[in-house]
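# Architecture at a glance
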Amino acid sequence: MKTAACYIRVSTDDQLEYSPDSQLEKIRDFAKRGDMILPEEFVFVEDEGVSGRKAAKRREFQHMIALAKSKPKPFDVILVWKFSRFARNREDSIVYKSMLRKQLGIEVISVSENIGDDKMSVITEAIIEAMDEYYSINLAEEVKRGMTEKARRGEYCSIAPFGYKIENKKLVVYPEQADIIHEVFVRYVNGWGHKQLAVWLNEIGVTTNRGGKIENRTVEYWLNNPVYHGFTRWTPTGKTFRDYHNPDSIVAKGSHTPIVDEELWARAQERLSEQKRKHIKNRRENVPTAYTLSGIIKCSHCGASLARSQREYLQCINYCKGSCDVSHHIKIEKMEMMLYSAIQNDLESGNFTIERAETPRIRSDTIDYAKSIDKAKQKLQRVSEAYQRGIDTIDEYKENKARILAEIAALEKSAKTELPEITPEERSAFAEKHLKTLDRLKSANVTECEKNGLLKEFIKSATFHKTDNSVSVIYLF
């Protein structure tokens, strides 16, 4: 008798779709007729409305696949109502089915699509999957076409922007936020800059609709958003990456109430254009990105990195964005001298904080943790790219990112053994070694890029405390 698992996903775009309970009932009947056991713990039901186009977005699917890789294998077959429930993307279908069948000995069976088990079944299954993918792609194109028509009619095609809420599928002014938007426009045309406005908004407790801090780019986006003077803008080609005048964007007169009048909007756009011309005219030459303190110094107020804001100075990157209240502006040369002095005092006195590097120690068992961690990090990169290209929403990106980071953390925890305490002898050898490193750091014959690499070899973080003009260092063994 075989042990079965089942995977259930409901598509919101199919009016004839069976409910999850109905699918499960049909699958249980099939399992019973086929002399299969279907334990409750092997019933994987996806949340309603989860897209089938990308397997990476389906949490229960990923859980099922991970469990299938267990040894000994927990089940012999995976039952689905239709093959389209398993995957609507042929690439995903081929990859996962091949892995399940060839590596794990697990078959995927559709209980409603009897394709047989002879050699022709391979062709029949491929045709069904191709039709499913065509349907999915065609549906996406129809949705996009519908949104394009809505945009041309001036209907809003996204979530409500700051200053509005959506009621009965229409934009309605949200008075409290609308007052803030209007004040931002007024202050901007009266000479306030993006950063100055961001700092002011954070000081009075304004947050984005998702609860985040206001940054320079938030203000810039508001000032360039035509929704505030009665128009809508939608770009069918995807994200514009702050290109507010993208030729692909559809801008149309909307039916909602404007927050700023034509005169105020025009004055704001005139100043934006003027600032853009000035920025281009006065733009300084590109500064080399590699420098000694790159990624080393942290802000004591918010924990963000200090980056080169001018050729000879460092500044907290969050302060530059308007989301940190305390300036950590300091000359790079002075910061280097302070850091070297702190390192020398620490290592000579022996009074310093040191942590053992948390590099996973790969266990000699059947699981290749290093490879799994590397693959998970590649997935993290792909979900970031998907968000940047407009494939995923910010909520989908956050959810996927959190899931993959949790996966990486679990893998690293499984891969490493307990890190032993650093002995006095090791501390002494560490100090002796890196006092010599300090001599190299002070040498004029070592490039800035090489110095940066040397610092990152033995420093985990260095925090600049603006209040008392000091630096505290945590070292890495």
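Conventions we followed
Residues numbered from 1 in each chain as written. Predicted model: local features only at pLDDT ≥ 70, side-chain atom pairs only at ≥ 80, totals over all residues. Heavy atoms only, no water. Helix = DSSP H or I, 4+ residues; strand = E, 2+ residues; numbered from the N terminus. Buried < 20%, exposed > 50% of the residue type's maximum accessible area, 1.4 Å probe, protein only. Contact = heavy atoms within 4.5 Å. Areas by Shrake-Rupley, 256 points an atom, 1.4 Å probe, with all protein chains shown as cover. Disulfide = S-S within 2.5 Å. Axes fitted to C-alpha atoms, helices over the stretch in contact; angles between N-to-C directions. Parallel < 35°, antiparallel > 145°, perpendicular 65-115°, else oblique. Nonpolar A, V, L, I, M, F, W, Y, C, P; charged D, E, K, R; others polar. Core = buried A, V, L, I, M, F, W, Y, C linked by side-chain atoms within 4.5 Å. Pairing = 2+ DSSP bridges. Left-handed = near helix turned anticlockwise from the far one by under 90°. pLDDT = per-residue confidence, 0-100. Salt bridge = Lys/Arg side-chain N within 4 Å of Asp/Glu carboxyl O. Expected span 1.5 Å × (residues − 1).

The subject of this paragraph is the overall build of the protein chain. Assigned secondary structure in the protein chain consists of 15 helices and 16 strands. For the protein chain, buried positions account for 39% of its 477 residues. Counting contacts in the protein chain only where the partners sit at least 6 residues apart, residues at least 24 apart contribute 63% of the total. Only carbon and sulfur atoms are counted for the fraction: they give 50% of the accessible area of the protein chain, which is about 27800 Å².

Before going further, it helps to examine the state of the cysteines. Evaluated as defined, the whole model comprises zero disulfides. Not part of a disulfide, Cys299 finds its nearest cysteine sulfur in Cys302, a span of 3.8 Å. On the basis of relative accessibility, which here comes to 3%, the residue Cys299 falls in the buried class.

Relative orientation of the contacting elements helix H7 (residues 194-203) and helix H8 (residues 216-224) amounts to 105°, with a least axis distance of 8 Å. In this view, H7 runs roughly perpendicular relative to H8, as classed from their interaxial angle. On the side of H7, the interface is formed by His194, Lys195, Leu197, Ala198 and Leu201, while H8 contributes Asn216, Val219, Glu220, Trp222 and Leu223. In terms of residue class, the contact of H7 with H8 is made up of six nonpolar, two polar and two charged.

This paragraph deals with the nonpolar core. Ranked by size, the top nonpolar core spans 36 residues in total, and within it Ile297, Leu339 and Tyr475 carry the most contacts. Within the residue set of this core, elements represented by two or more residues are strand E10 (297-299), strand E12 (313-316), helix H11 (332-349), helix H14 (424-441), helix H15 (448-458), strand E15 (459-465) and strand E16 (470-476). With eight residues, the top contributor of residues to this core is H11. Beyond its immediate chain neighbours, meaning those up to four positions away, Leu339 contacts Leu293, Ile296, Ile297, Leu455, Ile459, Ala462, Val471 and Val473.

Glancing now at the sheet that holds strand E14 (residues 353-355). The pairing of strands in a sheet happens through backbone hydrogen bonds and is either parallel or antiparallel. Here four strands make up an open sheet; going across it, the order is E10-E15-E16-E14 and the pairing mixed. Strand pairing shows two members of the sheet lacking a second neighbour, E10 and E14, which therefore form its edges. Ignoring strand direction, the axes of neighbouring strands in this sheet form an average angle of 30°. Both E10 and E15 contribute to a ladder of three bridges, which runs parallel. Across the sheet, Ile297 pairs through a bridge with Ala462, a residue of E15.

A separate point is the side chain of Thr437. Tracing the backbone shows Thr437 in helix H14. The residues contacting Thr437, other than those within four sequence positions of it, are Leu454 and Phe458.

Where H11 contacts H14, the two axes come as close as 9 Å, and the packing angle between them is 155°. Considering their axes alone, H11 and H14 lie roughly antiparallel with respect to each other. For the pair H11 and H14, the sense of crossing is left-handed. In this structure, H11 contributes Tyr340, Ile343, Gln344, Leu347 and Glu348 to the contact, and H14 contributes Phe430, Ala431, His434, Leu435, Leu438 and Leu441. Its residues placed into classes, the contact of H11 with H14 shows eight nonpolar, two polar and one charged.

Glancing now at the confidence of the model for the protein chain. When pLDDT is averaged across the protein chain, the result is 81; 79% of the residues are at 70 or more. When the criterion is pLDDT under 50, residues 359-366 qualifies, and its contacts beyond four places in sequence or with other chains add up to 15 contacts.

With the rule as written, the count across this model stands at ten salt bridges. Linking Asp76 and Lys73 is a salt bridge whose minimum nitrogen-to-oxygen distance equals 3.6 Å. Judged by relative accessible area, Asp76 falls into the partly exposed class, the value being 22%. The salt bridge involving Lys331 is made with Glu312; its shortest N-O contact spans 3.9 Å. Remark: Glu312 occurs in the loop between strand E11 (306-310) and E12 and Lys331 occurs in strand E13 (residues 330-331); sequence separation between them is 19 residues. The exposure class of Lys331 is partly exposed, given its relative accessible area of 33%.

All right, on to H7 then. Among the residues of H7, those classed as buried are Leu197, Ala198, Val199, Trp200, Leu201 and Asn202. Those residues of H7 that are buried lie in contact with helix H6 (175-189), H8 and helix H10 (317-321).

Time to look at helix H1 (residues 20-33). Taking 1.5 Å of rise per residue, the 14 residues of H1 would be expected to cover 20 Å, and the 20 Å separating its terminal C-alpha atoms lies within 8% of that figure. Elements in contact with the buried residues of H1: strand E1 (2-8), strand E2 (36-37), strand E3 (43-45), strand E4 (77-80) and helix H3 (83-86). Just beyond H1, the residue with positive phi is Asp35, at close to 60°.

Right, let's get into unusual backbone geometry. Following Lys71, the chain continues to Pro72 via a peptide bond in cis, the omega torsion being 0°. Tracing the backbone shows Pro72 in the loop between helix H2 (59-68) and E4. Despite not being glycine, Asn469 shows a phi value in the positive range, around 55°.

Ordered by their spatial adjacency, three strands build an open sheet running E11-E12-E13, and the pairing between neighbours is antiparallel. Whereas interior strands pair on both sides, the edge strands pair on one side only; in this sheet they are E11 and E13. The pairing of E12 with E13 spans two bridges and is antiparallel. By the bridge assignment for E13, Tyr313 is matched with Lys331.

Turning our eyes to something else, we now look at the environment of Pro74. Within the secondary structure layout, Pro74 lies in the loop between H2 and E4. Sequence separation between Pro74 and Ala4 is 70 residues; the distance between their C-alpha atoms is 8.6 Å. Setting aside its immediate chain neighbours within four residues, Pro74 contacts Thr3, Phe42, Leu67 and Ala68.

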